[in-house]
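Tertiary structure, described
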Amino acid sequence: MIKRLLIANRGEIAVRIIRACRELGIRTVAVYSTADKENLHVKMADEAVCIGAPPSAKSYLNADACVTVALGTKCDAVHPGVGFLSENAAFAEKVQKAGLIWIGPEPETIRLLGDKVQARATAVAHGLPVTPGSDGAVSSEAEAKKIAARCGYPVIIKAASGGGGKGMRIVYEEKDLAENLKIASSEAQANFADGTVYIEKYLVNPRHVELQVLGDGKGGVAVLGERDCSTQKNHQKLIEESPSPGVSPEMREKMCAGAVSLFSALKYRGAGTIEFLASGNEFFFMEVNARVQVEHPVSEMVTSSDIIRDQIGVCAGLPMEAEPGVHALNGWAVEARINARAPGKIKTLHIPGGPGIRFDTFVYADYSVLPFYDSMIAKLIAWDSTRERAVKRLLRALDELKIDGVPTNIGEQKTILSSPQFLSGHFGTGLYAELFQQ
């Protein structure tokens, strides 16, 4: 059994992990930067240790410091949360070599899936459809031109490592290919220390759909339904919902079958997500995130599960709580990410309530939003029996949510959720640009 666990992360995911650990009887150790000493996860953990200066590279991305703190505080395990070191195979190996339990897939699995070129090839080997594109990394302008001509414009250049829209460029004409190839590679190198890129056919206004998966590490796989993440700005997700209004029963069955085949063959352990782009009646494999996702609450609410608790338990060697197979979904859940548009001190915070409402955050009144990290400060999730009711409930909760002192995107979220396009359920990743004319 795990008695003490270090959380190598910050913010709302760290708070979420602390809550799960308390219910499991596990004591927690938080790490934090000098700027984060007033963060809620620092206050909630049983122990907290400062590991460096505000820039992530000097604190939350310092793998050696995290392992040193874990050993020094007599932890049994390390949970990487989301982002930062969560999909870093070298960090996972450091944790395991130190004799600690890694809350995540095996390092070799992370390494395989973290390289999108290799992941794409693995998906093909398991019968999953992929968009037309390069068979591997693109190393020259001449090669890129040949691939793009074969696919047909527009094409998208993607970083082989990382995500979050970094190292990603859309090209509509051949004359712009060379410049964007260089920019994408430079962005990839700067953000992920890997300038490798590849090319795919760019699907115009597709749906972005992902499946939540849990694996027992022995080949057993549970699929906790799909999430629709099509509402995004510059490839950054804004609204997520489960199930997806754009996935037919036939498409869902095929997606789930492919996911089970892939994750079972990998003997995947813990929480993971397989992502697809869907256009019409077709869907195409995009990537696997070998970690828990920010938007996991919507899956929890439609399956009555605790993904974090199960993730920790499985990695500790306990039987998986979620039964293997494809789980039935109950009702509808919609999540709105609340982002701060600028740093500042939160003067007042009124959290909405009522049936079917969940609010995940790490901020509070008098908390200062920092300029060093991701702009997301909270997630507001609503559940109800139908999509229409869940959306209405989320809009009501957004009306109740009051955050004074820092500008947020609450008004923008209301505009999206109230739009005829969103309410119809017939939209793709171009919805934000369409509504706000960007």
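Further up the page is the structure itself.
Scope of this entry: the structure provided in the associated data block. Remember, predicted model here, so these are calculated numbers, not experimental data. (Residues numbered from 1 in each chain as written. Predicted model: local features only at pLDDT ≥ 70, side-chain atom pairs only at ≥ 80, totals over all residues. Heavy atoms only, no water.)

A short note on the overall build of the protein chain
- Assigned secondary structure in the protein chain consists of 15 helices and 21 strands.
- Relative to its length of 438 residues, the protein chain is compact, with a C-alpha radius of gyration of 21 Å against a globular reference of 22 Å.
- Across the 438 residues in the protein chain, those meeting the buried criterion constitute 56%.
- Long-range contacts, defined here as pairs at least 24 residues apart, represent 65% of the contacts in the protein chain between residues at least 6 apart. (Helix = DSSP H or I, 4+ residues; strand = E, 2+ residues; numbered from the N terminus. Rg over C-alpha atoms; globule rule 2.2 N^0.38 Å. Buried < 20%, exposed > 50% of the residue type's maximum accessible area, 1.4 Å probe, protein only. Contact = heavy atoms within 4.5 Å.)

Considerations on the pattern of salt bridges
- Under the counting rule described, the total for this entry stands at 34 salt bridges.
- We note a salt bridge from K379 to E12, for which the minimum N-O separation is 3.2 Å. Highlighted residues: K379 in strand 20 (residues 376-384) and E12 in helix 1 (residues 11-24), separated in sequence by 367 residues.
- When the shortest N-O distance is used, the salt bridge between R169 and E187 registers 3.9 Å. Here R169 is found in strand 7 (residues 169-171), whereas its partner E187 is found in helix 8 (residues 177-192), with 18 residues between them in sequence.
- For R169, a relative accessible area of 27% puts it in the partly exposed group.
- Taking the relative accessible area as the measure of exposure, E187 reaches 26% and is therefore partly exposed.
- Residues participating in the shared-partner salt-bridge network are E210, R227, K237, E240, E275, E295 and R337. (Salt bridge = Lys/Arg side-chain N within 4 Å of Asp/Glu carboxyl O.)

Considerations on the state of the cysteines
- Under the criterion given, the structure shown has zero disulfides.
- Its sulfur unpaired, C50 is 11 Å from the next cysteine sulfur, which belongs to C66. (Disulfide = S-S within 2.5 Å.)

Remarks on the side chain of E200
- Summarising the element assignment, E200 is placed in strand 8 (residues 197-201).
- Here the side chain of E200 touches R120 through a polar contact of 2.8 Å, side chain to side chain.
- Sequence-distant contacts of E200, defined by excluding residues within four places in its chain, comprise R120, T131, P132, G133, V155, I156 and K158. (Polar contact = N/O pair within 3.5 Å; in protein donor to acceptor, adjacent residues only side chain to side chain.)

Some words on helix 9 (residues 249-265)
- The end-to-end C-alpha separation of helix 9 is 24 Å, in line with the 24 Å expected for 17 residues at 1.5 Å each.
- Looking at the buried residues of helix 9, the elements they touch are helix 6 (116-125), strand 9 (207-216), strand 10 (221-233), strand 12 (269-279), strand 13 (282-289) and strand 14 (325-326).
- Directly beyond the C-terminal end of helix 9, a positive phi value near 50 degrees is found at K267. (Expected span 1.5 Å × (residues − 1).)

Considering the nonpolar core
- If you look at the biggest cluster of nonpolar residues, it comprises 117 residues, and the most contacted ones within it are L5, L6, F91, I274 and L417.
- Among the elements that line this core, the one with the most residues is helix 1, at seven residues.
- Contact partners of L417, with chain neighbours within four places excluded, come to I239, V334, V391, L394, L395, L398, F422 and L423.
- Residues V138, I157, L181 and V197 belong to the second largest nonpolar core, which totals 13 residues. (Core = buried A, V, L, I, M, F, W, Y, C linked by side-chain atoms within 4.5 Å.)

Concerning the environment of F91
- If you trace the backbone, F91 turns up in helix 4 (residues 89-97).
- The class for F91 is buried, based on a relative accessible area of 1%.
- Leave out the neighbours within four places in its chain, and F91 touches A8, A63, C66, V67, V78, L85 and W102.

Brief notes about the sheet that holds strand 4 (residues 77-79)
- Spatially, five strands are ordered 3-2-1-4-5 in an open sheet, and the strand pairing comes out parallel. Both outer strands of the open sheet, strand 3 (47-52) and strand 5 (101-102), are each paired with one neighbouring strand and no more.
- Here strand 1 (residues 4-7) pairs with strand 4 via three bridges, running parallel. Bridging across to strand 4, L6 finds its partner in V78. (Pairing = 2+ DSSP bridges.)

A word on the pairing of strand 13
- A large share of strand 13 lies buried, amounting to seven of its eight residues.
- Direction of pairing for strand 12 relative to strand 13: antiparallel, over a ladder of seven bridges. Its bridge partner being in strand 13, F276 is matched across the sheet by F285.

Looking at the sheet that holds strand 6 (residues 155-159)
- The three strands are arranged 7-6-8 in an open sheet whose pairing can be described as antiparallel. This sheet does not close on itself; its edge strands, each paired only once, are strand 7 and strand 8. Each strand axis lies, on average, 25 degrees off the axis of its neighbour in the sheet, ignoring direction.
- With three bridges joining them, strand 6 and strand 7 adopt antiparallel strand pairing. Among the inter-strand pairings, I156 is bridged to a residue of strand 7, identified as I170.
- Contacts from helix 8 reach strand 6, strand 7 and strand 8, with the element oriented near 25 degrees to strand 6. (Axes fitted to C-alpha atoms, helices over the stretch in contact; angles between N-to-C directions.)

As for the packing of aromatic side chains
- Tallied over the entire structure, the rule returns 10 aromatic pairs.
- Ring centres of F91 and W102 lie 5.5 Å apart, and the angle between their planes is 90 degrees; on these two criteria the pair is classed as edge-to-face. In this pair, F91 is assigned in helix 4 and W102 in strand 5, connecting sequence segments 11 residues apart. Like W102, F91 is buried. (Phe/Tyr/Trp six-rings, centres within 6.5 Å; stacked < 30°, edge-to-face > 60°.)

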